[in-house]
Amino acid sequence: MACVFAHKDIPDLAKYATVPVINSLTDDDHLCQIMADALMKIEHGGRLEGTKVVYVGVGNNVVYSWLL
């Protein structure tokens, strides 16, 4: 699990790693946070289909990950 600033470091780590590399956090993405948000919604509210997500805050890697 890699938590790095530069997104370009993730492919470099994966290229030389002998185990899978999980992108925990980069300046571009925060995919683990999105997975945690989705799991919380499923646990507390059921389905993701039809769910509207509203983000209030500064545009950052979390917003970008939700837009993926």
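A.B. asks: Before we move on, could you go through helix α2 (residues 31-45) and cite the residues and values that matter?
C.D. replies: In this model, α2 (15 residues) spans 21 Å end to end at C-alpha, consistent with the 21 Å of a helix rising 1.5 Å per residue. Of the residues flanking the end of α2, it is Gly46, one or two places downstream, whose phi is positive at about 95 degrees.

A.B. asks: Help me get a handle on a nonpolar patch on the surface, residues and values and all.
C.D. replies: Together, Leu31, Tyr64 and Leu68 line one region of the surface with nonpolar side chains, adding up to about 310 Å² of accessible area. Its place among the elements puts Leu31 in helix α2. You can call Leu31 partly exposed: its relative accessible area is 32%.

A.B. asks: Tell me about the confidence of the model for the protein chain, and please be specific about residues and values.
C.D. replies: Detailed conclusions should not be drawn from predicted coordinates in areas where pLDDT is low. Overall, the predicted model of the protein chain reaches an average pLDDT of 85, with 100% of residues at or above 70. Averaged pLDDT values for the elements of the protein chain fall to 79 in helix α3 (residues 61-67) and rise to 92 in helix α1 (residues 9-16).

Criteria and thresholds
- Residues numbered from 1 in each chain as written.
- Predicted model: local features only at pLDDT ≥ 70, side-chain atom pairs only at ≥ 80, totals over all residues.
- Heavy atoms only, no water.
- Helix = DSSP H or I, 4+ residues; strand = E, 2+ residues; numbered from the N terminus.
- Expected span 1.5 Å × (residues − 1).
- Patch = residues over 30% accessible without salt bridge, like charges linked within 9 Å, V, L, I, M, F, W, Y side chains within 5 Å.
- Areas by Shrake-Rupley, 256 points an atom, 1.4 Å probe, with all protein chains shown as cover.
- Salt bridge = Lys/Arg side-chain N within 4 Å of Asp/Glu carboxyl O.
- Buried < 20%, exposed > 50% of the residue type's maximum accessible area, 1.4 Å probe, protein only.
- pLDDT = per-residue confidence, 0-100.

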